[in-house]
Amino acid sequence: MHTLRGLFALAVGSSLFFFGAAPLSLADEPTDASGSSQDEVMAEASENGDGDSSSSEGSSESKPKYPPHSVVLKDTKPVDGFLKLHKGEEKLFAELTPAHLNRDMLVIMTIAKGIGQTPFVGGYSWGFDDDGVWQFRKVGEKIHLVRRNIRFTAEQGSPEFQAVGLSYTDSILFSLPIATRGPSGGYVIDLSPVFMSDLPQISSVLRGFSFTPSRSTWADVKGYDDNVEVQVAATYASGGGTAIESVADTRGVTINVHYSISGIPNSGYKPRLADDRVGYFLTVLKDYSKKGEEDQFVRYINRWDLQKADSKEDISPPKDPIIFYLEKTIPVKYRKPIRDGILEWNKAFQQAGYYDAIQVRQQEKTDSWDPEDVNYNTFRWITAGAGFAMGPSRVNPLTGQILDADIIFDSDFLQYWKEDYETFTPESIAAMTGGPLDLTTYKEQQVREHMGGHNHSQNNWKCTFCNGMSHQFALGATVMAARGRSPEDMEKLIMQGLKEVTMHEVGHTLGLRHNFKSSSALTLAELSDPEKTGKSGMTASVMDYAPAHIVTKEMKQGDYFSTTIGPYDMWAIEFGYKPFSGDEEEELKKIASRSGQPELVYATDEDTRGIDPDPTANRWDLSGDQIDYAKMQAQLVAEAWPGVIDSMIEDGDGFQRARQAFGVLLSTHGRAMHFASRYVGGLYVSRSHKGDKDAPAPFEVVDVEKQREAISLLEEQVFNDKPFQFPPELYNHLAATRWDHWGSNAPIRTDYAVHSVISMWQERILAQLLSSLTLERLHDSELKVPADQDAFTTAELLERLTKAIFSEVDGMNGGDYSNRNPAISSLRRNLQRSYMRELSNLALGNFSAPQDCQTVAYSQLSQLEERIKKVLDSDVELDAYTQAHLEETAARVHKVIDARLLQLSP
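In this numbering scheme, every chain counts its residues from 1 along its sequence in written order. Only residues with pLDDT of 70 or above have their local features reported here, since the model is predicted, and side-chain atom pairs are shown and tallied only from 80 upward, although totals for entire chains, interfaces and linings are computed over all residues. To get the side-chain values, all heavy atoms of the structure are used, and hydrogens and water are removed first.

S.K.: With reference to specific residues and values, describe the side chain of Ser216.
M.R.: Numbered from the N terminus, helices here are DSSP runs of H or I no shorter than four residues, and strands are runs of E no shorter than two. As for its placement among the helices and strands, Ser216 is situated in the loop between strand S12 (210-211) and strand S13 (217-223). Think of it in three bands: with a 1.4 Å probe and only protein chains considered, a residue is buried below 20% of the maximum accessible area for its type, exposed above 50%, and partly exposed in between. Residue classification places Ser216 among the buried positions, given a relative accessible area of 8%. Here Thr235 takes part through its backbone nitrogen, which lies 2.9 Å from a polar atom of the side chain of Ser216. Any pair of residues with heavy atoms lying within 4.5 Å of one another is described as a contacting pair. Not counting the four nearest positions on each side in its chain, Ser216 is found in contact with Met196, Phe211, Ala233, Ala234 and Thr235. N or O atoms closer than or at 3.5 Å make up a polar contact, with two conditions inside protein: a donor-capable atom paired with an acceptor-capable one, and, for residues adjacent in sequence, both atoms drawn from side chains.

S.K.: Lay out the pattern of salt bridges with the relevant residues and their values.
M.R.: By salt bridge we mean one thing: a side-chain nitrogen of Lys or Arg within 4 Å of a carboxyl oxygen of Asp or Glu. Scanning the entire structure with this criterion turns up 42 salt bridges. Salt-bridge contacts for Glu141 lead to Lys65; the nearest nitrogen and oxygen are separated by 3.1 Å. Placement of the pair is Glu141 in the loop between strand S7 (132-139) and strand S8 (142-147) and Lys65 in the loop between helix H1 (38-46) and helix H2 (69-72), with a sequence separation of 76 residues. With a relative accessible area of 38%, Glu141 lands in the partly exposed category. Between Arg272 and Glu584 there is a salt bridge, and its shortest N-O distance comes to 3.3 Å. One end of the pair, Arg272, is in the loop between strand S15 (253-263) and strand S16 (282-287); the other, Glu584, is in helix H14 (residues 584-592), and 312 residues separate them in sequence.

S.K.: Talk me through unusual backbone geometry; I want residue IDs and the actual numbers.
M.R.: With an omega of 5°, the peptide bond between Thr118 and Pro119 qualifies as cis. Within the secondary structure, Pro119 is located in the loop between strand S5 (105-113) and strand S6 (124-126). Residue Asp356 is not a glycine yet carries a positive backbone phi of 50°. Here Asp356 shows up in the loop between helix H6 (346-351) and strand S19 (358-362). Positive phi is not limited to glycine here, since Ser623 has a value of about 90°. Within the element layout of this structure, Ser623 appears in the loop between H14 and helix H15 (626-640). Relative accessible area serves as the criterion here: at 2%, Ser623 is assigned to the buried category.

Right, dumping it as structure tokens:
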């Protein structure tokens, strides 16, 4: 087993080198950068301190090297702690002893008071990449404040050690003059240039604003034995041309930034190596001493330092439990589900060998500590109007040891009726269904997101679970209102949802990543059995984004959300926290080798993009069969349509609630159908390793009949106008929010864009089926399936789509058609135009796709032209809409065919 030793600057007998810091033995006498011992430093101080007889007048040779510290520190108050601080009205001095020099310190930044705009909200962890490891180093008559480059290692004294030293440098952030020497010999430096600056680089995110020292103040400075806490009310100025609704005047925006500075603990913590079958956040180092190995990266999971109080016992309390404080801002009625959600994880820790590993305490009104203090793990309730929850943890970037965690809940997610549901755009629909569907668009999106600055909080997890949960609450309210259910049912849904979100965010603070495949664990029937879900949850992991389980009328309603953690969660905590007396690496391999068990499947964020192939890895899906789930969702929505107006609107109320409910139902239907569409060209993906029991192959082509079943469902529910034939009176009651002021985003178009919204959902699912990646995977799958077995092909896909979408063309043998009773309805005409564009672009090679697909598209267009001409040449009397539509379609098809032939001409 390969492990890194000596991960701290103060580790004894270190055999590894982290560039930028020389190892310092605890047995060694501390020295400054020049090699002076502490006694020598003290002697030097006596030559320059207050009241020194050598500083008498008339003796130029005895002129003190530094001004008296009593003069420099005049009008300051001492703050004792990990660093000796002296706080004045404008300046903040630190008195550094030799023990502080060349010592690693962890610096954690948090937004303590924000402006109600993400990411500037109270409690938001702030940082770029790793948490900062700082050192103070004496260089001549100055103290350099250095941020260490801790990512690269090598064995000290080896050639690789020399190479690392030449290749990677630390970052000198500040060069601070020594202001004086303290009475105990410490170097006194002014930290004002450090903290009264744009140290957190907020201006790179808040564009157009710059830090203004003259308008910034010290909000708070506190000292403790192991840490100091510095909070700055940092004001950022602009020309005032940018409007921020939650800021009174953007010429001066004040954001309180909290800095927690502490020593890196040397508690004997042993890092634990990661495994790609189990989802943990990682601390990653590159060890150039791993000679001849294929992979030089060392990956540690992020986890707390739990140690048994009694190592001889199978189950023991920990020496130091993980304690969460419920902030006093949490509404009283919500404290129980939150407390229960936090403590639910003790089930997993007990299986791993710990009693009461997690404890919960209530913050009292008299408590004076700051939630940002590194010594306190908090659960915070904020009102930023951003609708998110966040479960970040701050870690030792050398070992992965979690040192602090602060969960944030934005109460906005409980205000589940939102204007967001009133208007859809192609962009908002794409965001709900995985984003870009092809590699080119995906890469372009990544470039845009990373242009012009930092990608904020890469090492911190902003979870959007709460944001989506408000949609689930709105769906529940719509369905329950339509069925005349009691307010108690809605209260149960909200309380169960609040507990699940809590369990989810606590999981993040324990080191766990999302698991978006865990929702495939149970069947629809099993999900309705509260006895089963009460024991193992509704998903295999609460680290999924699970929707509310609201069933159709004829089904039995069970729990709405998981009320406990799942089997994957138990397994993941066992992997991360179980102590071992024998070979840890071998024991961890045994645990991870169970990944082939169905309830232990794992897929995370990078597996659920629009470009990814596994149809069972989604956000907001439920059950092991997405087609069955989509059918249930379609029925659920169909049952709720009729009651949207009467059940949602009370006499005297406006009609915007009907529009919002309609949007919730339409998006629920559309997203479920998109889940089903992912079976076409899909691949089941497994992270299991060779030899894992019952493990599938890394990739498995979705069964041909399952793909055909998905197409049949889409033909019925998406490429059809019947599911969207709503009563005209419904459309005429879908009124928009009529308030127009700050904090309100009333739609530009007040009436409902019926054709446009329905077309957006149809086009999104068409784009999924006809994306270059879907077509390439379908084409590749013809080689991945044995020749003697049936396979779903690109030819079959295009044939079925053309036949279903243009089905009217073959059925126009007569009829009483008119402009009010057209042969092809307006919704179908729009769908046919959208499909024609996709098919034409495919035939012309306007996007990357297999050439076989291009030729099949050409063939489908040729056949379609003949079918349309046959109708136009017949005696059937068509309505004006259909006549014009078919004539235009035939003409466009003909031009595409001609252009295709010109492309292929020699």
